[in-house]
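# Coordinate analysis (summary)
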Amino acid sequence: MRGVGRIFGNYDKCYSVEGESHLQMAIWVRRSPAVGLALGWLLSLLYILTITPAVCSLLINTPTMENRLKPMDAEQLREYGHKMVDFIADYYKTIENFPVLSQVQPGYLRNLLPESAPNQPDSFQQVLDDVQAKILPGVTHWQSPNYFAYYPSNSSVAGFLGEMLSAGLNIVGFSWITSPAATELEMIVLDWLAKMLKLPEDFLSAGQGGGVIQGTASEAVLVVLLAARDKVLRRVGKDALEKLVVYASDQTHSALQKACQIAGIHPENCRVLNANSSTNYALSPKLLSETISHDRTTRLIPFFLCATIGTTSSTAVDPLLSLGKIAKSNGMWFHIDAAYAGSACICPEFRHYIDGVEEADSFNMNAHKWFLTNFDCSALWVKDRSALVQALSTNPEFLKNKASQANMVVDYKDWQVPLGRRFRSLKLWMVLRLYGLENLQCYIRNHIKLAKHFENLVVQDPRFEVVTPRLFSLVCFRLLPPNDEDHGNKLNGELLDAVNSTGNVFISHTVLSGKYVLRFAVGAPLTEEKHVNAAWTVVQNKATSLLLQNGN
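Per chain, residues are indexed from 1 in the order of the written sequence. The predicted nature of this model means local features are confined to residues of pLDDT at least 70 and side-chain atom pairs, given and counted, to a pLDDT of 80 or more, with totals for whole chains, interfaces and linings taken over all residues. Side-chain calculation: all heavy atoms of the structure are included, whereas hydrogens and water are not.

## Let's talk about the pattern of salt bridges
Two side chains with opposite charge may pair up if their charged atoms get near one another. Whenever a carboxyl oxygen of Asp or Glu lies within 4 Å of a side-chain nitrogen of Lys or Arg, that contact is scored as a salt bridge. Applying the stated criterion across every chain yields a total of 21 salt bridges. Linking Arg271 and Asp295 is a salt bridge whose minimum nitrogen-to-oxygen distance equals 3.1 Å. On the criterion of sequence distance, the pair formed by Arg271 in strand 3 (residues 270–273) and Asp295 in helix 12 (residues 285–297) is long-range, its members being 24 residues apart. With respect to class, Arg271 is no different from Asp295; both count as buried. With a closest N to O distance of 2.9 Å, Arg478 and Glu465 form a salt bridge. Residue Arg478 is located in strand 9 (residues 474–479), and its partner Glu465 is located in strand 8 (residues 464–466); the two are separated by 13 residues in the primary sequence. Arg478 gets classed as buried once you look at its relative accessible area, which sits at 1%. For each residue, the accessible area found with a 1.4 Å probe, counting protein chains only, is set against the maximum for its type, and the residue is called buried under 20%, exposed over 50%, and partly exposed in between. Overall, Glu465 belongs to the partly exposed group, its relative accessible area being 24%. Only DSSP runs of H or I with at least four residues qualify as helices, and only runs of E with at least two residues qualify as strands; both kinds are numbered from the N terminus onward.

What follows is the structure, given as structure tokens:
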């Protein structure tokens with residue numbers, strides 16, 4: 001820059017411009033070198049600011065060697081961590097400003113981001129700016145108080161802090177020796193949760209069973225299906241795989257179908273039994289018994305039954321005690337999927353929904369749905385841990401150690417499909433400790449109360465009907481077609497699209513007995529009665545518009 005100043009102070013070399021005013025300026029500059037030097041600096045700055053703003057931006061935003069992000073540095077972590085927490089906290093404070101359901105079109109992001117990663121690092125602020133401007137518009141906001149679709153996926157302060165700590169420690173706890181605390185804390189917190197649910201002692205880690213955190217209920221049903229498959233094949237011979245039969249209702253989550261595909265169960269041997277309004281979409285024990293009896297006469301081998309507490313479509317509850325006795329009398333593995341509604345069973349008034357769990361071989365609930373534990377955290381309990389281990393264990397030389405070889409410890413790698421696993425028990429531990437049982441029960445009860453309030457609003461409008469009894473925090477309802485029942489499905493599909501396109505609320509749908517049904521699931525941590533009322537107003541207004549368009 002000194003050279004630039006000197007050049008601009010020497011009009012003989014620099015000023016070959018036309019015009020009298022420029023010549024006068026040059027003479028003035030020559031008579032006052034100090035003025036020329038200052039003017040040179042000023043013009044240099046103007047050049048950078050006006051002619052090459054991109055260069056200016058680059059100078060301001062490109063990290064210097066001193067402040068470039070290091071692979072790990074405690075003080076940088078503190079600095080950037082504070083900024084990230086502030087960013088997330090601000091997001092939650094303004095979350096209602098976003099459309100709940102993302103309104104972008106497929107492929108939107110590819111037009112906004114470069115075709116390749118940068119050669120040189122961007123600044124942290126640049127990244128946050130891109131998150132705000134480019135990523136958040138493509139996010140469906142599951143934590144919004146106006147989110148009522150599918151089932152909830154709870155986030156909480158305690159869950160977030162636990163997730164942060166897990167990321168900070170970043171252990172890979174596949175066996176006890178890789179981080180003893182990770183294995184032992186998981187055993188302890190799942191015993192705590194089992195006691196909150198009043199599960200049989202057979203599911204506790206002190207005996208032959210115990211709990212394990214899977215990523216999702218899909219993983220949970222897969223590993224117990226594999227355990228059940230290998231257990232029966234050890235008895236009847238490996239060649240009998242093609243004879244094994246799985247049973248569930250047609251309301252069971254599709255994860256069971258995928259698990260059967262992975263486990264090699266023949267598709268024709270997956271019995272998906274009809275459940276209808278006569279049983280409130282629960283599996284009929286009579287139908288199950290008849291189907292099993294028929295299969296036995298054809299020399300097939302019934303080996304696995306999956307019951308559900310809180311089905312995805314309508315929160316139907318299968319009769320566990322009756323189904324469990326049928327499974328036991330036929331030597332079948334009995335699995336209970338309580339992914340959604342299991343959380344409610346920590347409340348004494350809802351615990352009766354899992355009466356009969358003592359007949360089960362395995363039980364699963366998702367703490368990441370409705371239990372304030374950030375995704376992913378799916379709790380699975382089994383009565384016989386050896387069944388899982390025999391189906392899933394591998395023991396290569398590089399993993400052998402004294403504690404494992406002596407059978408002194410639990411190695412969770414043998415209870416799951418992958419080898420590596422995260423320290424997920426930390427966040428569940430923090431949720432249980434920082435909220436406590438009573439607060440968690442109040443949290444569940446409040447959502448059920450809000451769902452009951454929404455149900456009452458629906459009942460008061462004669463244009464709508466509640467399709468199935470509300471058991472927990474889901475309301476299944478539909479807009480009644482004014483004339484033609486066949487038009488009802490199209491009408492409700494249009495209503496769903498109209499409601500979600502507002503961005504003010506997000507709901508989802510299902511089909512029950514051939515009818516297109518709207519689902520309103522209360523469960524977001526920030527949801528209050530005012531949000532439920534506002535959502536219902538949107539539904540009513542859109543229904544009114546649709547009916548007018550259809551001449552009604």
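## A closer look at the sheet that holds strand 9
For two strands to be treated as a pair, DSSP must find at least two bridges joining them. Overall, antiparallel pairing links the 4 strands, which are arranged 8-9-11-10 in an open sheet. In the strand order of this sheet, the two ends are held by strand 8 and strand 10 (508–512), each with one partner. Strand-to-strand, the axes of this sheet are offset by a mean angle of 40 degrees, without reference to chain direction. Bridging between strand 8 and strand 9 involves 3 bridges; their strand directions are antiparallel. Looking at strand 9, one finds that Glu465 is bridged to Arg478. Contact criterion: two residues are considered in contact whenever any of their non-hydrogen atoms come within 4.5 Å of each other. Fitted lines through C-alpha atoms give the axes, limited to the stretch in contact for helices. The angle between two N-to-C directions lies from 0 to 180 degrees. Sheet contacts for helix 17 (residues 425–460): strand 8, strand 9 and strand 11 (515–521); angle to strand 9, the most-contacted strand, approximately 15 degrees. Sheet strands touched by helix 18 (residues 488–501): strand 8, strand 9, strand 10 and strand 11. Its angle to strand 11, the strand with the most contacts, is close to 30 degrees.

## Observations concerning the nonpolar core
Nonpolar core, defined: a set of buried Ala, Val, Leu, Ile, Met, Phe, Trp, Tyr and Cys residues in which side-chain atoms within 4.5 Å join the residues together. Membership of the largest hydrophobic core comes to 70 residues, with the highest contact counts inside it found for Phe363, Phe371 and Trp381. Residue contacts for Phe363: discarding those within four places in its chain leaves Leu197, Leu199, Phe203, His335, Ile336, Ala338, Ile354, Val357, Ala379, Leu380 and Trp381.

## Points about a positive patch on the surface
Judged by side-chain charge, Lys231, Arg234, Arg235 and Arg296 come together as a positively charged surface patch. Broken down by element, the positive patch gets its largest block of residues, 3 residues, from helix 10 (residues 217–236). Without a salt bridge and with relative accessible area above 30%, a residue can belong to a patch; like charges are then joined within 9 Å and nonpolar side chains (Val, Leu, Ile, Met, Phe, Trp, Tyr) within 5 Å. Per-residue and other accessible areas follow the Shrake-Rupley method at a 1.4 Å probe size, with only the shown protein chains counted as cover for residues. Two residue types count as positive, namely Lys and Arg, and two as negative, namely Asp and Glu; His and chain ends fall outside the count. Charge positions come from single atoms, namely NZ of Lys, CZ of Arg, CG of Asp or CD of Glu.

## Quick word on the packing of helix 10 against helix 15 (residues 385–392)
One can describe the packing of helix 10 onto helix 15 by two numbers: an axis separation of 8 Å at closest approach and a directional angle of 85 degrees. On the basis of the axis angle, helix 10 is roughly perpendicular to helix 15. Residues Val223, Val224, Leu226, Ala227, Asp230 and Arg234 of helix 10 touch helix 15, and the partners they reach there are Ala387, Leu388, Gln390, Ala391 and Leu392. Counted by class, the contact of helix 10 with helix 15 contains 8 nonpolar, 1 polar and 2 charged residues. Roughly parallel refers to an angle under 35 degrees, roughly antiparallel to one over 145, roughly perpendicular to one between 65 and 115, and oblique to any angle outside these ranges. Here the nonpolar group is Ala, Val, Leu, Ile, Met, Phe, Trp, Tyr, Cys and Pro; Asp, Glu, Lys and Arg are the charged ones; every other residue, Gly included, is treated as polar.

## Overview of helix 6 (residues 74–93)
Because an α-helix completes one turn every 3.6 residues, residues spaced three or four positions apart along the sequence face the same direction. An ideal rise of 1.5 Å per residue puts 28 Å on 20 residues; helix 6 measures up with 28 Å between its terminal C-alpha atoms. Among all positions in helix 6, only Gln76, Tyr80, Phe87 and Tyr91 are buried. The buried residues of helix 6 occupy an angular sector of 45 degrees when projected down its axis, which confines them to one face. Looking at helix 6, the residues exposed on the side facing more than 90 degrees away from the buried face are Ala74, His82 and Lys93. Along its buried surface, helix 6 packs onto helix 7 (124–135). Polar contacts, as counted here, are pairs of nitrogen or oxygen atoms within 3.5 Å of one another; within protein the pair requires one atom able to donate a hydrogen and one able to accept it, and residues that are adjacent in sequence qualify only if both atoms are side-chain atoms. Here helix 6 starts with a cap whose side-chain oxygen sits 3.2 Å from the backbone nitrogen of Glu75, and that cap is Asp73. How far a helix is expected to stretch is found by multiplying one less than its residue total by 1.5 Å. This arc corresponds to the set of directions leading from the helix axis out to the C-beta atoms.

## Section: unusual backbone geometry
At the junction of Phe375 and Asp376, the peptide bond is cis and its omega measures out at 10 degrees in the coordinates. Following the sequence through the fold, Asp376 ends up in the loop between helix 14 (367–370) and strand 7 (378–382). One non-glycine residue, Arg299, lies in positive phi territory at about 65 degrees. On the secondary structure map, Arg299 appears in the loop between helix 12 and strand 4 (301–308). You can call Arg299 exposed: its relative accessible area is 69%. For Asn407, which is not glycine, the phi dihedral falls at a positive 55 degrees. Structurally, the position occupied by Asn407 is in the loop between helix 16 (402–405) and helix 17.

## Here we look at the packing of aromatic side chains
Think of it this way: a Phe, Tyr or Trp ring, Trp meaning its six-membered ring, pairs with another when their centres are within 6.5 Å, and the plane angle makes it stacked under 30 degrees, edge-to-face over 60, tilted otherwise. Applying the stated criterion across every chain yields a total of 22 aromatic pairs. Seen in terms of ring centroids, Phe363 and Trp381 are 6.0 Å apart; in terms of plane orientation they differ by 40 degrees. Their pairing is tilted. You can see Phe363 sitting in strand 6 (residues 362–366) and its partner Trp381 sitting in strand 7, a full 18 residues away along the chain. An identical accessibility class is assigned to Phe363 and Trp381; each is buried. A centroid spacing of 3.7 Å and a plane angle of 0 degrees characterise the contact between Phe454 and Phe520, whose relative ring orientation is stacked. Of the two residues, Phe454 sits in helix 17 while Phe520 sits in strand 11, which places them 66 residues apart along the sequence. By the burial criterion, Phe454 is buried, and Phe520 matches it. Taking the ring centre of Tyr151 as reference, the NZ or CZ of Arg519 above it sits at 4.9 Å. Charge-over-ring placement is defined geometrically: NZ (Lys) or CZ (Arg) within 6 Å of the ring centre, and within 35 degrees of the ring normal.

## Overview of empty space enclosed by the protein
Method remark: on a 1 Å grid restricted to protein atoms, a set of points is classed as a cavity if a 1.4 Å probe fits but cannot get out and as a pocket if it is open with protein on both sides within 12 Å along at least five of seven lines; lining residues have an atom within 4 Å of a point. Grid points are joined across faces, edges and corners, and a volume is the space filled by probe spheres set on the points. Counted by the stated rule, this structure contains 1 cavity of 30 Å³ or more. Size it by volume and the largest cavity reaches roughly 40 Å³. Taken together, Ile171, Gly173, Ala182, Thr183, Glu186, Arg421, Arg422, Phe423, Arg424 and Ser425 make up the lining of the largest cavity. Broken down by element, the residue count for the lining of the largest cavity peaks at 3 residues, all from helix 9 (residues 180–196). Partitioning the lining of the largest cavity into residue classes produces 3 nonpolar, 3 polar and 4 charged.

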